Amino acid sequence: MTVDFLVEFEIQVPVGASETDVTDRERAEAVAAEKLVDDGHLLRVWRRPLPSGETSVLGLYRAVSETELGRLLDALPLRDWMTVTVTPLGPHPNDPANGQVRAGLPAPRLTPAYRLDATLGEPLDLGETAQGRRRIVPLTGGSFSGARVSGTLVPGVSADWQTVLPDGTALGDIRYTLRTNEGELLSVRSRGVRHGPADVLARLARREDVDPGEYTFRTSTRIETASPRLDWLNKGVFIAVAARAPAGVIYDTYLVT
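Analysis parameters
Residues numbered from 1 in each chain as written. Predicted model: local features only at pLDDT ≥ 70, side-chain atom pairs only at ≥ 80, totals over all residues. Heavy atoms only, no water. Salt bridge = Lys/Arg side-chain N within 4 Å of Asp/Glu carboxyl O. Helix = DSSP H or I, 4+ residues; strand = E, 2+ residues; numbered from the N terminus. Buried < 20%, exposed > 50% of the residue type's maximum accessible area, 1.4 Å probe, protein only. Pairing = 2+ DSSP bridges. Phe/Tyr/Trp six-rings, centres within 6.5 Å; stacked < 30°, edge-to-face > 60°. Lys NZ or Arg CZ within 6 Å of the ring centre and 35° of its normal.

Colleague: Let's hear about the pattern of salt bridges: which residues, and what values?
Modeller: Taken as a whole and assessed by the stated rule, the structure comprises 19 salt bridges. Note that R48 and E8 form a salt bridge whose closest N and O atoms lie 2.7 Å from each other. In this pair, R48 sits in strand β2 (residues 42-49) while E8 sits in strand β1 (residues 3-11), placing the two residues 40 residues apart along the sequence. In this structure R48 comes out as partly exposed when scored by relative accessible area, which is 34%. Of the residues examined, E8 reaches a relative accessible area of 17% and is grouped as buried.

The structure is reproduced here in structure tokens:
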């Protein structure tokens, strides 16, 4: 279970700090912020005008506890120059984000689990069958990384068994095996759909580099492992946002909480 926090930063650059030091820290801060976003800890950032004419920074963060949040903030390159105020946030029954959720039930939230960058081999096209055009696309390698689990894809036991509809829509039965950096094995199975305008799907079929915003590629995912350390994966419900690259595929997999 995670908690959201509103964090306000006021940055005071020490007198005598060199321009080079300030620039280096600001660049390192931007890199650290990107990592927090990738790991699902930093959700939003705003500027707040102050009466003095200066500004402070407001950030919406997510962590399992205030202790974890403190550890994340202490690692920021500008932390020594910051005055930080942390406010834990709790759910409210009138929150518009709940949308159509029935009263008394929490709205689902997405927490990044990992990003998989996989390479693809040549598809094996079975042709038109009674169930539609069938083809098998092997996943030949790649790596994955997340806040709690990272490693590599196991080739030879990973592929996408596709059904391609007449309009170019691809229905995927994606089964792949991952090996963590600690040597644990994860069996992953996803049911997916990739659809979009005919011309965009044609460009994907030609293995052109297409902006993922031009089409829809989503999956529902289940993960199985014998690792006691990673038992939370067995109990999780996951979805993925995917993108097809000329020589590979990217899956951003999220835990639904």
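Colleague: So what's going on with the pairing of strand β7 (residues 132-145)? Residues and values would help.
Modeller: Strand direction decides the pairing type here: strand β5 (residues 110-120) and β7, joined by 6 bridges, are antiparallel. Among the inter-strand pairings, D117 is bridged to a residue of β7, identified as S143. In the sheet, strand β6 (residues 124-129) pairs with β7 via 5 bridges, with the strands oriented antiparallel. Paired with D125 across the strands is R135, a residue of β7. Following β6, the chain reverses through 2 residues before pairing antiparallel with β7.

Colleague: Please give an account of the packing of aromatic side chains that cites residues and values.
Modeller: The geometry of an aromatic ring pair is captured by the separation of the ring centres together with the interplanar angle, meaning the angle of the planes. This model, assessed by the stated rule, comprises 4 aromatic pairs. Here Y176 and Y251 contribute two aromatic rings whose centre-to-centre distance is 6.1 Å and whose plane-to-plane angle is 20°, an arrangement assigned as stacked. Of this pair, Y176 sits in strand β10 (residues 170-180) while Y251 sits in strand β14 (residues 248-256), placing them 75 residues apart in sequence. With relative accessibility at 2%, the residue Y176 sits in the buried group. Accessibility expressed as a relative area gives 4% for Y251, which makes it buried. The cationic tip of R175 hangs over the ring face of W161; the distance from NZ or CZ to the ring centre is 4.2 Å.

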